[in-house]
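The lines below spell out each chain.
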Amino acid sequence: MSLSDLPGPVPDPAIVRGGTTALAEPVLPVRRLWVTGVVLVNLGINAAFFGPLQVLLGQQAAHFDDGQKEAILALVTGCGAAVSMVANPLFGAFSDRTTSRFGRRVPWVLMGAILGAVALVALAGAPNVAVMTVLWCLVQAGANAMYAAITAAVPDRVPVPQRGTVGGLAAMGQTVGILVGAVIAAVVAGNFAAGYWVCAAALLAGVVLYLFNSDDQPLPQTGRPPFNMADFLKGFWVSPKRYPDFAWAWLTRLLVSTGNHMVTLYLLFFLSDAVHLEETEGIKPEFGVLILTGLYAVTVIITSVVGGRLSDRMGKRKPLVIASSVIIAVASLILAFAPTWIGGLAGALVLGIGFGAYLAVDFALITQVLPTALDRGRDLGIINIANSLPQVVAPLIAFPFVAYWGGYVSLYVAAAVIGLLGAVFVVKIKSVD
């Protein structure tokens, strides 16, 4: 069955109860201005997030104690990652239940931007590591409130045949945001306080267009079920037996993301210890990482847009998700068996091609297996745990391979196998072609 063969939208019980269009399956194509607003929100979030994560937090950690900078950075980013895994589904669930006249998602995009920006500015003057840690957790909370809301806005507003295209453009915005964050960190040249101010400005600027062109449909009070704490908490467990396609989509995202993190985690050490980049090519490993990251980012930007549009035109998702997962695995094998600078360049290029298409098409697929329209924000937040959890899991898996089980060859072969398992399990999803 292709996307064009999809039956008419099945009414959500809350739609019938509340008489609202907020939960109806969208059928009209979204405007370019709306899509641009979504892209800019994603860009702002990632610029404000990755500028500190890549450089500024490390510089601030060294400012407090140069001898303990690694431990400080691990503490701060670890606490932030823990907040991220909880905040995303939690704020997504809050946005699902919001009955503001401005819509369900807009208030959380706005409040998240304000919280994140204020915390970033405060980070510039943090007096000690404890305050730095708390403020970075607040940045994570604000950014994840924004991300949960803007991600849920896509299935709220975008019809199924257009979701690959919009998902690809959103992924492009995320990747450009990462590059902008790196540029911000480079431009401030060690002045991390100034960098935080610029990141805060980028976060706020990114939301302006969306806030004035959101088309966010309000949810009336009658469309929201009564609040019960026990039911609210139980809602974060989505039964694999009742919603098997959602469970398989979550698992495949977890596996592919874990494999991707395993590939990029020790890239600096791979270039210095396996490739011997400085000795063989006269290039410092740090600069080599920058080159490979830039090449990877450019290809992600291109293939996320192309892959998303192609899946919309084909009317199919699974073949492209499987193909892109296989391409990601091929990139891992290139690094495993060609530990040279040319091999590194080829691996980064192939990885970007695969992961860009994967981000766009798999996101579109996920939006088609969400259990209910009422809980889109919560359920997409649960999916996002599969993006965040690999940041914790990948180092635990990767370290023994590098240290005890064959070094980088075995590490990248294992990453390829994990990614291929993700491709295999996509076949289990039955409701989407």
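Residues numbered from 1 in each chain as written. Predicted model: local features only at pLDDT ≥ 70, side-chain atom pairs only at ≥ 80, totals over all residues. Heavy atoms only, no water.

Residues annotated in UniProt with the feature "domain: Major facilitator superfamily (MFS) profile" (unreviewed entry) correspond here to residues 32-433. End C-alpha atoms of residues 32-433 are separated by 27 Å, and the span's content is 80% helix alongside 0% strand. (UniProt positions renumbered as here; feature names shortened; annotations may be inferred. Helix = DSSP H or I, 4+ residues; strand = E, 2+ residues; numbered from the N terminus.)

This part is about the packing of aromatic side chains. This model, assessed by the stated rule, comprises 17 aromatic pairs. Look at F91 and F94: their rings are 6.1 Å apart centre to centre, the planes differ by 75°, and that puts the pair in the edge-to-face class. A residue pair is termed a helical-turn pair when its members lie 3 or 4 positions apart in one helix, as F91 and F94 do in helix α3 (residues 69-96) at three residues. By relative accessible area, F91 is classed as buried at 17%. Take F94: its relative accessible area is 32%, and that puts it in the partly exposed class. Here F399 and Y404 contribute two aromatic rings whose centre-to-centre distance is 6.0 Å and whose plane-to-plane angle is 90°, an arrangement assigned as edge-to-face. Classification of F399 as partly exposed rests on a relative accessible area of 43%. (Phe/Tyr/Trp six-rings, centres within 6.5 Å; stacked < 30°, edge-to-face > 60°. Buried < 20%, exposed > 50% of the residue type's maximum accessible area, 1.4 Å probe, protein only.)

Here we take up the side chain of D96. When you line up the elements, D96 lands in helix α3. With a relative accessible area of 1%, D96 lands in the buried category. Looking at D96, its side chain comes within polar contact range of the side chain of R105, at 2.9 Å. Sequence-distant contacts of D96, defined by excluding residues within four places in its chain, comprise R104, R105, L219, L374, D375, R376, G377 and R378. (Polar contact = N/O pair within 3.5 Å; in protein donor to acceptor, adjacent residues only side chain to side chain. Contact = heavy atoms within 4.5 Å.)

What follows deals with a nonpolar patch on the surface. On the surface, L110, I114, V118 and L204 cluster together into a nonpolar patch covering about 330 Å² of accessible area. If you tally residues by element for the nonpolar patch, the top one is helix α4 (residues 106-123), at three residues. When you line up the elements, L110 lands in helix α4. (Patch = residues over 30% accessible without salt bridge, like charges linked within 9 Å, V, L, I, M, F, W, Y side chains within 5 Å. Areas by Shrake-Rupley, 256 points an atom, 1.4 Å probe, with all protein chains shown as cover. Salt bridge = Lys/Arg side-chain N within 4 Å of Asp/Glu carboxyl O.)

Here we take up the nonpolar core. If you look at the biggest cluster of nonpolar residues, it comprises 106 residues, and the most contacted ones within it are W34, L120 and Y210. Of all the elements, helix α5 (residues 129-157) adds the most residues to this core, at 15 residues. Among residues more than four places away in sequence, those in contact with W34 are A153, V154, R157, V158, V166, Y210, N213, S214 and D215. Within the second largest apolar cluster, five residues are counted, among which are A22, L23, A373 and L374. (Core = buried A, V, L, I, M, F, W, Y, C linked by side-chain atoms within 4.5 Å.)

It is worth spelling out empty space enclosed by the protein at this point. Rolled over the atoms, a probe as big as a water molecule pinpoints where empty space is left. One pass over the structure, following the stated rule, counts one cavity of 30 Å³ or more. Reported here for the largest cavity is a volume of approximately 40 Å³. Forming the boundary of the largest cavity are I45, A48, F49, G116, V139, A143 and L203. Elements that contribute at least two residues to the lining of the largest cavity include exactly α2 (32-64) and α5. Classifying every residue of the lining of the largest cavity by side-chain character gives six nonpolar, one polar and no charged. (1 Å grid on protein atoms, 1.4 Å probe; cavity = no way out; pocket = protein on both sides within 12 Å on 5 of 7 lines; lining within 4 Å. Points joined across faces, edges and corners; volume = space filled by probe spheres on them. Nonpolar A, V, L, I, M, F, W, Y, C, P; charged D, E, K, R; others polar.)

A separate point is the confidence of the model for the protein. Detailed reading of predicted coordinates is not advised where the pLDDT is low. Confidence along the protein averages 89 in pLDDT terms, with 95% of residues attaining 70 or more. Ranking the helices and strands of the protein by mean pLDDT puts α4 first, with 97, and helix α1 (residues 13-18) last, with 42. Between residues 1-19, whose pLDDT stays under 50, and residues either more than four places distant or in other chains, the model counts 33 contacts. (pLDDT = per-residue confidence, 0-100.)

A separate point is the side chain of S304. Considering the arrangement of structural elements, one finds S304 in helix α12 (residues 285-314). Residue classification places S304 among the buried positions, given a relative accessible area of 0%. In this structure, S304 is in contact with G168, A171, M172, G356, A357 and A360, ignoring residues within four places of it in sequence.

On to α12. In a regular helix each residue adds 1.5 Å, so 30 residues correspond to 44 Å; α12 covers 41 Å between its end C-alpha atoms and thus fits that length. Positive phi shows up at G315, right after α12, with a value of about 75°. (Expected span 1.5 Å × (residues − 1).)

Turning our attention to the pattern of salt bridges. For the structure on display, the rule yields 17 salt bridges. Put simply, K69 and D66 hold a salt bridge, and the shortest N to O gap is 3.7 Å. Linking R378 and D379 is a salt bridge whose minimum nitrogen-to-oxygen distance equals 2.9 Å. On the basis of relative accessible area, R378 is assigned to the buried category, the value being 13%. Salt bridges sharing common partners tie together E25, D96, R104, R105, D156, R163 and R376.

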